[in-house]
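Structure at a glance
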Amino acid sequence: MPAAKPLEFRRRAVELARQREKPVAEIAHDLGIAESCLRRWMKLDDVDAGRVEGTTSDERVELVRLRRELRVAKMEIEILRRASAYFAREVLPDPK
């Protein structure tokens, strides 16, 4: 997988494509990226600008952060559940 392009490069590529002086495929070829990549950047720009419905870049970043926090919280809960069960066996008498 190729390295991610800098944000400014992406913005400039989208600007060039929006000027429509050349076809998107030609602009992408000139910039050394795939046409589908440039079209995806254009779509993301449309969403971020509010021209099209979808999840914005900021919302995606927040979703990633929240999912990570949820995963950590679930692990912590599981650890605490197991620890409390372990200590409960030591403290409580064995019912026979």
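These numbers come from a predicted model, not from an experiment.

1. Structural notes on the overall build of the protein chain
Tallying secondary structure elements over the protein chain gives four helices and zero strands in all. Written out in order from the N terminus, the α and β elements of the protein chain read α-α-α-α. Scaling as 2.2 N^0.38, a compact globule of 96 residues should have a C-alpha radius of gyration of about 12 Å, whereas the protein chain reaches 25 Å, well beyond that. Oriented by its inertia axes, the alpha-carbon framework of the protein chain measures out at about 85 × 30 × 20 Å. Per-residue burial for the protein chain yields a buried fraction of 15% across its 96 residues. Relative to all contacts within the protein chain whose residues are 6 or more apart in sequence, the contacts with residues 24 or more apart total 36%. Here the protein chain has roughly 8,300 Å² of accessible surface; of this, 58% comes from carbon and sulfur atoms. Taken as two groups, the 21 positive and 18 negative side-chain charges of the protein chain have centres that lie 4 Å from each other.

2. Focus on the nonpolar core
Counting 11 residues, the largest nonpolar core consists of Ala 13, Val 14, Ala 17, Val 24, Ile 27, Ala 28, Ile 33, Cys 37, Leu 38, Trp 41 and Met 42. Contributions of two or more residues to this core are made by α1 (7–19), α2 (24–31) and α3 (35–49). Considering every element that reaches this core, the biggest residue donor is α3, with four residues.

3. Regarding the pattern of salt bridges
Throughout the structure, instances matching the rule amount to 12 salt bridges. Where Glu 62 meets Arg 65, a salt bridge forms, and the shortest distance between an N and an O atom there is 3.9 Å. Here the residue Glu 62 and the residue Arg 65 both occupy positions in helix α4 (residues 57–91), the gap between them amounting to three residues, near one helical turn. Its relative accessible area of 41% is what places Glu 62 among the partly exposed residues. What makes Arg 65 partly exposed here is its relative accessible area of 38%.

4. So, the domain arrangement of the protein chain
The assigned domain composition of the protein chain is domain 1 (1–54) and domain 2 (55–95). Look at where the C-alpha atoms of domain 1 and domain 2 centre, and you get two points 40 Å apart. Listed as interface residues are four residues of domain 1 and, on the opposing side, five residues of domain 2. With both chains or domains summed, domain 1 and domain 2 bury close to 330 Å², and 41% of this area falls on carbon and sulfur atoms.

About the criteria used
- Residues numbered from 1 in each chain as written.
- Predicted model: local features only at pLDDT ≥ 70, side-chain atom pairs only at ≥ 80, totals over all residues.
- Heavy atoms only, no water.
- Helix = DSSP H or I, 4+ residues; strand = E, 2+ residues; numbered from the N terminus.
- Rg over C-alpha atoms; globule rule 2.2 N^0.38 Å.
- Buried < 20%, exposed > 50% of the residue type's maximum accessible area, 1.4 Å probe, protein only.
- Contact = heavy atoms within 4.5 Å.
- Areas by Shrake-Rupley, 256 points an atom, 1.4 Å probe, with all protein chains shown as cover.
- Lys, Arg positive; Asp, Glu negative; His and termini not counted.
- Charge placed at Lys NZ, Arg CZ, Asp CG, Glu CD.
- Core = buried A, V, L, I, M, F, W, Y, C linked by side-chain atoms within 4.5 Å.
- Salt bridge = Lys/Arg side-chain N within 4 Å of Asp/Glu carboxyl O.
- Domains from an automatic or database assignment.
- Buried area = accessible area lost by both parts, 1.4 Å probe.

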